[in-house]
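Tertiary structure, described
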Amino acid sequence: MTDDELIVEFALTRLDNPDLDLEEIAALVVRRMGAESMLEFASRNLATRGELRGAVFPSAVEHVLRVVLTLRGPAE
């Protein structure tokens, strides 16, 4: 899945759940994407962090948040 596709999925999930914070939305995205995507996201996140091990679900959620926040740009 590309970062652009991930952003679209995140945006659609956020539209369905406007009262949730960003981390909760990222968790929903990871759950909806399934086990294969969760492993892909976690491995990307661990590679970015330079780590060999980590909990899969939290690492996958962190990857989704990293992509979303990176594409949002710097906070002003």
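Preceding this section is the structure that the text describes.
Read on for a plain summary of the structure. Residue positions are counted from 1 within each chain, in the order its sequence is given. Reporting of local features is limited, given that this is a predicted model, to residues whose pLDDT is at least 70; pairs of side-chain atoms are given and counted only at 80 or more, and all residues count toward the totals for whole chains, interfaces and linings. Hydrogens and water are ignored here; the side-chain numbers use all heavy atoms of the structure.

1. Considering the overall build of the protein chain
Stated precisely, the cut-off is as follows: To qualify as a helix, a DSSP run of H or I must reach at least 4 residues; to qualify as a strand, a run of E must reach at least 2; elements of each kind are numbered from the N terminus. Throughout, exposure labels follow a simple rule: accessible area from a 1.4 Å probe, protein chains only, divided by the maximum for the residue type, with under 20% read as buried, over 50% as exposed, and the rest as partly exposed. The contact definition used throughout considers only heavy atoms, calling two residues in contact when any of these lie within 4.5 Å. Note on areas: these come from Shrake-Rupley sampling with a 1.4 Å probe, and a residue is covered only by the protein chains present in the view. Only four residue types enter the tally: Lys and Arg on the positive side, Asp and Glu on the negative side, with His and both chain ends excluded. Taken as the charge location is NZ of Lys, CZ of Arg, CG of Asp or CD of Glu.
In terms of regular secondary structure, the protein chain is built from 4 helices and 0 strands. When its C-alpha atoms are laid out on the principal axes, the protein chain stretches across 35 × 30 × 20 Å. Counting over 76 residues, the protein chain shows a buried share of 28%. Within the protein chain, contacts between residues at least 6 apart in sequence are counted, and of these 43% link residues at least 24 apart. For the protein chain, the exposed surface amounts to about 5,000 Å²; the carbon and sulfur share of it is 55%. When the 8 basic and 14 acidic side-chain charges of the protein chain are each reduced to a single mean position, those positions are 5 Å apart.

2. Quick look at the packing of helix α1 (residues 3-16) against helix α2 (residues 22-33)
This is how it is decided: Here the axes come from fitting lines to C-alpha atoms, over the contacting stretch only for helices, and the angles between their N-to-C directions go from 0 to 180 degrees. An angle below 35 degrees is read as roughly parallel, one above 145 as roughly antiparallel, one from 65 to 115 as roughly perpendicular, and any other as oblique. Crossings are classed by handedness, with left-handed meaning an anticlockwise turn of the near helix from the far one by less than a right angle and right-handed meaning a clockwise turn.
The N-to-C vectors of α1 and α2 enclose an angle of 115°; their axes lie 9 Å apart at closest approach. As summarised for this structure, α1 and α2 are arranged roughly perpendicular, according to the angle between their axes. Like other packed secondary-structure pairs, α1 and α2 cross with a definite hand, here right-handed. Contacts from Leu6, Glu9, Phe10, Thr13, Arg14 and Asp16 of α1 reach α2 at Leu22, Ile25, Ala26, Leu28, Val29, Arg32 and Met33.

3. Re the pattern of salt bridges
Our working definition: Between Lys or Arg on one side and Asp or Glu on the other, a salt bridge is scored when a side-chain nitrogen of the former is within 4 Å of a carboxyl oxygen of the latter.
As enumerated under the stated definition, the model contains 5 salt bridges in all. Here Glu40 and Arg44 are joined by a salt bridge, their closest N and O atoms 2.3 Å apart. With Glu40 and Arg44 both in helix α3 (residues 35-49) and 4 residues apart, the pair spans about one turn of that helix. Relative accessible area serves as the criterion here: at 26%, Arg44 is assigned to the partly exposed category. Bridged by salt links that share partners, the residues Arg49, Glu51, Glu62 and Arg66 form one connected network.

4. Structural notes on the side chain of His63
Turning to its location among the elements, His63 is positioned in helix α4 (residues 56-72). For His63, the residues in contact, after removing those within four places along its chain, are Leu6, Phe41, Arg44 and Asn45.

5. Section: the environment of Ser59
Among the secondary structure elements, Ser59 is positioned in helix α4. Here Ser59 falls in the buried class, since its relative accessible area comes to 5%. Separated by 39 residues in sequence, Ser59 and Leu20 have C-alpha atoms that sit 19 Å apart. Setting aside its immediate chain neighbours within four residues, Ser59 contacts Phe41, Ala42, Asn45, Leu46 and Gly54.

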